Amino acid sequence: MSILPLKPETSDISDIAVLPLQATRPVFDVRPATMDDFDELNRLWHQLDAYHYLQDPVHFPVIKLDEPARTEDYIECLINRHDQTLLVAQKRDGQPEQVTEAASSKLLGLASVFLQTLAPNAIFPARVLFELDNLVVDQNTRRMGVARALCDSACQWAKGHGAREMSLNVYDFNSPARAFYEAMGFLPSKMQMRRQLL
């Protein structure tokens, strides 16, 4: 299902799973990712991939924790190309460490945005689309405003590059993510359906 923003943000809901509120909310900044974030980015993507695999092991591959979730080339492309961006939420130095998996964990989440230029067809003229491809929040820091900040920053980046709307895709099994995106102003646009051919 693809969804498009049509109304202002309204509430803060977990992007993947509903977890108890933590006693301490982290202070963090959203910034563009760098290659120095490689290990931390892969830690977050491993969490995302594991969630998808557990929900739909037929269509998602087994997670190999001893291998990077995304290659250096893939991440470099996200960072360096002008038509896409990779944003991260980084905990500020001196913040409590209990909100992350380990004391060395500094990234609380990531978001990636792609710009696509579509050729004209019989129905639509040529147009530019902006898609929020990934929005991942560390499993220990959900419901703390990280997803909201990343989503807002991704929309601001797209708006700064001429976007009038942002789209995304969310799997049907991920009802908490759908609730979050709808709370952020995204509404259903179309539904993709699938049938197994045996």
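Before reading further, recall that the structure is shown in the block above.
Residues numbered from 1 in each chain as written. Predicted model: local features only at pLDDT ≥ 70, side-chain atom pairs only at ≥ 80, totals over all residues. Heavy atoms only, no water.

Draft legend 1. Representation of the overall build of the chain. When you go through the chain residue by residue, the secondary structure sums to four helices and seven strands. The order of α-helices and β-strands along the chain, N terminus first, is β-β-α-α-β-β-β-α-β-α-β. Evaluated residue by residue, the chain yields a buried proportion of 40% over its 198 residues. Accessible surface for the chain amounts to roughly 11,300 Å². Of this, 54% is attributable to carbon and sulfur atoms. (Helix = DSSP H or I, 4+ residues; strand = E, 2+ residues; numbered from the N terminus. Buried < 20%, exposed > 50% of the residue type's maximum accessible area, 1.4 Å probe, protein only. Areas by Shrake-Rupley, 256 points an atom, 1.4 Å probe, with all protein chains shown as cover.)

Draft legend 2. Structural context of the environment of Leu-41. Here Leu-41 shows up in helix H1 (residues 38–55). For Leu-41, a relative accessible area of 0% puts it in the buried group. For the pair Leu-41 and Val-136, spaced 95 residues apart in sequence, the C-alpha to C-alpha distance is 9.6 Å. Leave out the neighbours within four places in its chain, and Leu-41 touches Ala-33, Thr-34, Ile-75, Leu-86, Val-88, Leu-107 and Leu-110. (Contact = heavy atoms within 4.5 Å.)

Draft legend 3. Structural view of the packing of H1 against helix H2 (residues 72–80). Following both chains from N to C, one finds H1 and H2 inclined at 100 degrees, their axes separated by 11 Å at the closest point. Relative to H2, the element H1 is oriented roughly perpendicular. Mapping the contact onto sequence places Phe-38, Leu-41, Asn-42 and Trp-45 in H1 and Glu-72, Tyr-74, Ile-75 and Leu-78 in H2. A class-by-class count of the residues in the contact of H1 with H2 yields six nonpolar, one polar and one charged. (Axes fitted to C-alpha atoms, helices over the stretch in contact; angles between N-to-C directions. Parallel < 35°, antiparallel > 145°, perpendicular 65-115°, else oblique. Nonpolar A, V, L, I, M, F, W, Y, C, P; charged D, E, K, R; others polar.)

Draft legend 4. Structural context of the packing of aromatic side chains. Counted according to the given criterion, the structure contains eight aromatic pairs. Summarising the aromatic geometry, the rings of Tyr-171 and Phe-173 are spaced 5.4 Å apart at their centres and angled 0 degrees between planes, so their arrangement reads as stacked. Between the aromatic rings of Phe-180 and Tyr-181, the centroid separation amounts to 5.3 Å while the plane-to-plane angle is 65 degrees, which identifies the pairing as edge-to-face. Both residues of the pair, Phe-180 and Tyr-181, belong to the buried class. Pairwise contacts between aromatic rings join Tyr-51, Phe-60, Tyr-171 and Phe-173 into one cluster. (Phe/Tyr/Trp six-rings, centres within 6.5 Å; stacked < 30°, edge-to-face > 60°.)

Draft legend 5. Region of the structure containing the nonpolar core. Judged by nonpolar contacts, the single largest core of 26 residues is most densely connected at Leu-132, Leu-135, Met-166 and Tyr-181. When contributions to this core are tallied by element, the ones reaching two or more residues are strand S3 (84–91), strand S4 (107–118), strand S5 (127–137), helix H3 (146–160) and helix H4 (175–183). Ranked by residues supplied to this core, first place goes to H3 with seven residues. Counting residues in hydrophobic clusters, the runner-up holds 13 residues, among them Ala-33, Phe-38, Val-88 and Val-136. (Core = buried A, V, L, I, M, F, W, Y, C linked by side-chain atoms within 4.5 Å.)

Draft legend 6. Local environment of the pattern of salt bridges. Tallied over the full model, the rule gives eight salt bridges. With its nearest N and O atoms 2.9 Å apart, the salt bridge here joins Arg-92 to Asp-29. On the criterion of sequence distance, the pair formed by Arg-92 in the loop between S3 and S4 and Asp-29 in strand S2 (residues 28–32) is long-range, its members being 63 residues apart. Judged by relative accessible area, which is 35%, Asp-29 ranks as partly exposed. In this structure, Asp-172 engages Arg-178 in a salt bridge whose closest nitrogen and oxygen atoms are separated by 3.8 Å. Connected through shared salt-bridge partners, Glu-40, Arg-43 and Asp-138 make up one network. (Salt bridge = Lys/Arg side-chain N within 4 Å of Asp/Glu carboxyl O.)

Note that all results are geometric; they support no functional claim without further evidence.
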